[in-house]
Every structure is written in structure tokens, then in C-alpha cells.
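# Geometric and topological summary
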Amino acid sequence: MFSKVGKSADLSQQMADKVGVDISGRIAQDPVAAGKVFRSITLRCSKCDQQTDCLELLSKNDRLDAPPDYCLNKQILGTLKDK
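The following refers to the structure shown. Quick caveat: nothing in here was measured; it's all calculated off a predicted structure. (Residues numbered from 1 in each chain as written. Predicted model: local features only at pLDDT ≥ 70, side-chain atom pairs only at ≥ 80, totals over all residues. Heavy atoms only, no water.)

Before going further, it helps to spend a moment on the pattern of salt bridges. Using the criterion set out here, one finds 2 salt bridges in the structure. With a shortest N-O distance of 2.8 Å, lysine 60 and glutamate 56 are connected by a salt bridge. In this pair, lysine 60 and glutamate 56 both sit in helix H4 (residues 51-60), 4 residues apart, roughly one turn of the helix. Given the relative accessible area of 41%, glutamate 56 is considered partly exposed. Lysine 74 is paired through a salt bridge with aspartate 69; the nearest N and O atoms lie 2.6 Å apart. For lysine 74, a relative accessible area of 29% gives the class partly exposed. (Salt bridge = Lys/Arg side-chain N within 4 Å of Asp/Glu carboxyl O. Helix = DSSP H or I, 4+ residues; strand = E, 2+ residues; numbered from the N terminus. Buried < 20%, exposed > 50% of the residue type's maximum accessible area, 1.4 Å probe, protein only.)

Let us look at H4. Taken as a whole, H4 has its buried residues at Gln51, Cys54 and Leu58. Seen end-on, H4 carries its buried residues on one side only, within an arc spanning 55°. Exposed side of H4, more than 90 degrees from the buried face: Thr52, Ser59 and Lys60 are the residues found there. (Arc of directions from axis to C-beta.)

With that settled, consider the packing of helix H3 (residues 31-46) against helix H5 (residues 74-82). In contact at an axis separation of 10 Å, H3 and H5 are set at 150° when each is read in the N-to-C sense. By the angle class used here, H3 and H5 are roughly antiparallel. For the crossing formed where H3 meets H5, the hand is left-handed. Across the interface between the two elements, Val37, Ile41 and Arg44 of H3 pack against Ile76, Leu77 and Leu80 of H5. Taken together, the residues of the contact of H3 with H5 sort by class into 5 nonpolar, no polar and 1 charged. (Axes fitted to C-alpha atoms, helices over the stretch in contact; angles between N-to-C directions. Parallel < 35°, antiparallel > 145°, perpendicular 65-115°, else oblique. Left-handed = near helix turned anticlockwise from the far one by under 90°. Contact = heavy atoms within 4.5 Å. Nonpolar A, V, L, I, M, F, W, Y, C, P; charged D, E, K, R; others polar.)

Here we come to the nonpolar core. Residues Met15, Val19, Val21, Ile23, Leu58, Leu77 and Leu80 are the most contacted members of the largest nonpolar core, which totals 14 residues. For this core, the secondary structure elements donating two or more residues are helix H1 (2-19), H3, H4 and H5. With 4 residues, H1 is the single largest residue contributor to this core. Residues within four places of leucine 80 in sequence aside, it is in contact with Val21, Ile23, Arg26, Val37 and Ile41. (Core = buried A, V, L, I, M, F, W, Y, C linked by side-chain atoms within 4.5 Å.)

Relative to the assigned elements, aspartate 49 resides in the loop between H3 and H4. C-alpha separation for the pair aspartate 49 and glutamine 29, spaced 20 residues apart in sequence, amounts to 32 Å.

Moving on to the environment of asparagine 61. Here asparagine 61 shows up in the loop between H4 and H5. Here leucine 57 takes part through its backbone oxygen, which lies 2.8 Å from a polar atom of the side chain of asparagine 61. (Polar contact = N/O pair within 3.5 Å; in protein donor to acceptor, adjacent residues only side chain to side chain.)

Given below as C-alpha cells:
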């Protein structure tokens, strides 16, 4: 369980970075609120059954306009990107 959550945290951070969401900067500005958001993103990612596809996508792209359609965090990352 913990290894899947750790992998999900890494994938979530990478996906956020690739779509232009600065999670680290948000955590620095408001650690409590941003930490809760990142926790939610990570837990949602841990429920995804397409993490292998996600890892492959992330490894092949320096930037992404948006998360893939199968991403369980597509909506929240899109919202965070627009802020």
C-alpha cells in the first residue's frame, strides 16, 4: 500500500509539473491548504489502474497541455493550472 502511495505521489508531482502546476510553490505559500490538495491528488492517483501508461506518457514528454483523459486528476489539475 505505502509503495503504491509513494509511486502515486511521484506520478502526481510529475504530472502537475508537466502541465504547469507548481505544487511545490503552492505548498510554500500555504502548506496546510496545498498539502490537503496534494494529498487528495495523490490518493486519487493511487486508485488509478493506468499508472504504467501514465509513467510512459510522462517519460516521453517534457510538457503536456493537459493530463490525459484517463487521469483521475484531470479536472483538479486543470483548475489549478488556471489559477
